[in-house]
Amino acid sequence: MMNGLRRLRSRWSSMGSRLGALTGSATRTLTVLVMSSLIAGLSACGGGGGGGGGFLPDNPDSDLTSYTLSLTVVDENGNPTTLVSETFPATLLVEVRESGVDNPVVSGVVVTATAEFATISPDNGQALTNSEGIAELEIRAGATLGADTIVVTVDSPAGEVTASIGVEVSASGFTLGTFDGTAFLSGVIGLSSDNLAFRGSAVVRLAVVDERGNTVSGVQQIRLSSDCSLSGIAAFRTIGDTSDGTTTLTVETLDGLATAEYLANDCEDSDTLTATLIDGDSTATATVTIAGRDANFIGYVSSDPSEGEEGSDRTIIALKGTGGPGRPEVATIVFEVLEESVVLEAGDPQPGEPGYLDLEARKPLAGITVNFDLTNILGGITLVNTSAVTDSNGLVEVEVLSGNVATSTLVTATFDAAAAGSASQLQTATSNQVVIGTGLPDQNSVSLSTELFRVPQARDIDGIQVAITVRLADKFNNPVADGTSAVFTTEYGAIDSSCLTGVSNGARYQSLRDTSIPLRGTCTVLWISQAPRFPVFNQDLIKTTEDDGIFSCPSHTGSFGPCPDDFGAIRGMRSTVTVTIVGEEYFIDANGNGIYDEGETFQNLPEAFTDHNEDGVYTPFAGPNCGPPSSDEDCAAAGLAEEFIDFNGDGDYSTNVDPNTGEGVYNGSLCPVEGDGVYCSRDLLNVRADLVLTLSAIDGNLEVLIANTRFNPRRATDRITEGDQHVLYIADIFNNAPGAGTTISLSTSGDCALLTPESFTVPDSAAPGAFAITASVEGDGGGGQLIVSSESPDAGGPTVIRSLPCVTSAPPDPNDL
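Residues numbered from 1 in each chain as written. Predicted model: local features only at pLDDT ≥ 70, side-chain atom pairs only at ≥ 80, totals over all residues. Heavy atoms only, no water.

1. Focus on the sheet that holds strand 5 (residues 110-114)
- One open sheet holds the five strands; their spatial order is 3-10-9-5-7, and the pairing between them is mixed. The open sheet has two edge strands with one neighbour each: strand 3 (83-85) and strand 7 (126-128). Direction aside, neighbouring strands of the sheet carry axes that sit 35 degrees apart on average.
- Bridging between strand 5 and strand 9 (residues 146-156) involves four bridges; their strand directions are antiparallel. Residue pairing in the sheet places T112 in a bridge with T153 of strand 9. (Pairing = 2+ DSSP bridges. Helix = DSSP H or I, 4+ residues; strand = E, 2+ residues; numbered from the N terminus. Axes fitted to C-alpha atoms, helices over the stretch in contact; angles between N-to-C directions.)

2. Structural notes on the sheet that holds strand 48 (residues 743-750)
- The five strands lie next to each other as 46-54-53-48-50, forming an open sheet whose pairing is mixed. The sheet is open, and its two edges are formed by strand 46 (720-721) and strand 50 (759-761), each paired on a single side.
- Taken together, the three bridges between strand 48 and strand 50 define a ladder with antiparallel strand orientation. Counted as the bridge partner of S745 is S759 from strand 50.

3. Here's the deal with the nonpolar core
- Ranked by size, the top nonpolar core spans 33 residues in total, and within it I468, V470, F488 and W527 carry the most contacts.
- Counting residues per element, the ones that place at least two in this core are strand 33 (446-450), strand 35 (465-472), strand 36 (485-490), strand 39 (522-528), strand 40 (574-583), helix 6 (632-638) and strand 43 (685-695).
- With six residues, strand 43 is the single largest residue contributor to this core.
- By size, the runner-up hydrophobic cluster in this structure holds 31 residues, among which are I298, V400, F587 and C680. (Core = buried A, V, L, I, M, F, W, Y, C linked by side-chain atoms within 4.5 Å. Buried < 20%, exposed > 50% of the residue type's maximum accessible area, 1.4 Å probe, protein only.)

4. Regarding empty space enclosed by the protein
- Taken as a whole and assessed by the stated rule, the structure comprises four cavities of 30 Å³ or more.
- By volume, the largest cavity is sized at about 80 Å³.
- Forming the boundary of the largest cavity are 13 residues, of which D566, F567, R571, F734 and N735 lie nearest the centre.
- By residue class, the composition of the lining of the largest cavity is four nonpolar, five polar and four charged. (1 Å grid on protein atoms, 1.4 Å probe; cavity = no way out; pocket = protein on both sides within 12 Å on 5 of 7 lines; lining within 4 Å. Points joined across faces, edges and corners; volume = space filled by probe spheres on them. Nonpolar A, V, L, I, M, F, W, Y, C, P; charged D, E, K, R; others polar.)

5. Quick notes on unusual backbone geometry
- Cis geometry marks the peptide bond from S121 to P122; its omega dihedral reads 5 degrees.
- Checked against the element boundaries, P122 lands in the loop between strand 6 (119-121) and strand 7.
- The step from P628 to P629 runs through a cis peptide bond, and the omega angle for that step is 5 degrees.
- Here N103, not a glycine, exhibits a phi torsion of approximately 50 degrees, which is positive.
- By secondary structure assignment, the location of N103 is in the loop between strand 4 (90-98) and strand 5.
- Located in the positive-phi region is N265, a residue other than glycine, with phi close to 50 degrees.
- Checked against the element boundaries, N265 lands in the loop between strand 19 (257-263) and strand 20 (269-277).

Shown next, in the form of structure tokens:
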């Protein structure tokens, strides 16, 4: 028996040595057999190691073999441990051996491990032993923390074998702090300095360590902020960054360390910095002390609404009670408080312009209280706020509410600035001019202009462009509010439908010409030549230069050809362009109180219309009003297709006359509330303007008539007489002059010398009729020609439009035209 026990101890020791060599760690060896069973078994064996090959079987005659299990928990480096965390899982090593005399390892056996709340991988908790009798399983932290027992079972031929080992399950151990030398300070932000000057800065130093106190190797993100940065008066930025920084900053660790720069900016006294580990719950803090500052300058920056491209010398708001979209009754004025005034260099942005706030020389001050006042309160102008505190950019705002009288005012802004010693001195700045008006266009202040009245080649070529601009002002002749919509229509050709004053020009104008913002109170659209060019009806009544039996030209004796006079309706190739804007009627403010009073003279407006026949009235309603040389019949025919704009939507043309009194009614925002519906109306209407474009012909479609001025009326002829003065009339078949800027050139051949200028430029004009030039020649009777050429702008070269023989005497009457 004693010999058998010695052999058992020898084999046990040998197995422990081999396991220790395999794992490099201490082991815990357990067996299902207690020592009393061991002794009993040995006694049963009689010390001779009977059959069956099992280790201490209950029945010495049985062939069944039992196993012994050795359990070890190691970390990622193979070192023994009892700690398991989210960051650091552990490995469970299970060695399985037979319980026989030689303790051989058991390979290919299934090992099953279970735990109460630790997580075992793989999910089924099972693994096979390898050729060395060792099975490996991973232990991870679960949702529950604390001590846990890992129970391992193996089925042996003799029955189930069980062993267990304890572990400590903990949460992730990442901690945020900083190093002071080699010592880690948990929960503390490291600073290069915690005592800063005003607008000073400091380097922020942070470290992230694991449960063992080692800096982490993977990238961790840290979010930085402070009380002042979250208020917009301090900032963080990465090291080497030259920007203004951000209110919060996320930095990443490198080998567990991270740095950033803290900018105190306008923060004073103290600031608490906070760092948070984004993928964890660890935080760190620090407090900095910041010196105070002195403020010595205040200045005006900007106003809203602004004057647009015309500058910032004034801002315009609507009279109290008359505001609407684009016409606010409140103005916002912005001032700035700085450490000192800014000296602007050439090319630097001005106050209120983009980039001004970013100037390096500008040193804004936050937290300064500024007081406001008005220079004029006529009509009840008031301030919404009489004081305010500057923000992180040193800016402070005040709002001005309009009164009920058209006037202007200024805002003054003051604060107590630092002076020598402990004294203070008052610093003051003044705003731009705040003008109180209606912001609505009145009929007296609508101006419509065109790039060209006589549009070269537009009669014959599509796509000729003409820019048309509207300018609008209110009753007090201040530009209307930005965004006022001007709506356009045209009799012939095509035109942009609308534009917005001070905001945007017409769509095609922007696409083909210019995308810049228009001046306040103005905007521009593009008219383009195309069909239609003729009225749908009564085309046969259009007046022409042909010998049609009704041709009449008071200025010369010809029975056909160009004429400097107006032929009257129906005029061909003349297109009326109309603009309408929602506005108010004009009145004479006799008592100067800024509002309409009963009995004051005003301009009554009917509904707007497109005036095709140029007679000033809506012909289908009022009848023809052209006057000579147009007959009433021709005038009515020319106005047949006129259309009105039904502003009130009643389906009828309105003359704006009170049916009860038969008198017109003033319409406008300056009708007082007590007068609305009594002697005036606060309802708005369309104010309007129009102009006429002449669609001039190409050079090849021009005609020339020559008349001798020695006769009265001038005698139309087909030649030029040497020594006499002549007039050449140039027009197309509709008696329209060549386009503006067209060059009319005269040259001679043979014994014919020109005494008058060789070229003439057609001026721009809205007047109908042919273009006239003078011509005179001399010669010795040898004959020759006077050659007339025309070259329209962009035509590419001159075109001869007529040649006239030079003669020595006036033609006899039979040769007259």
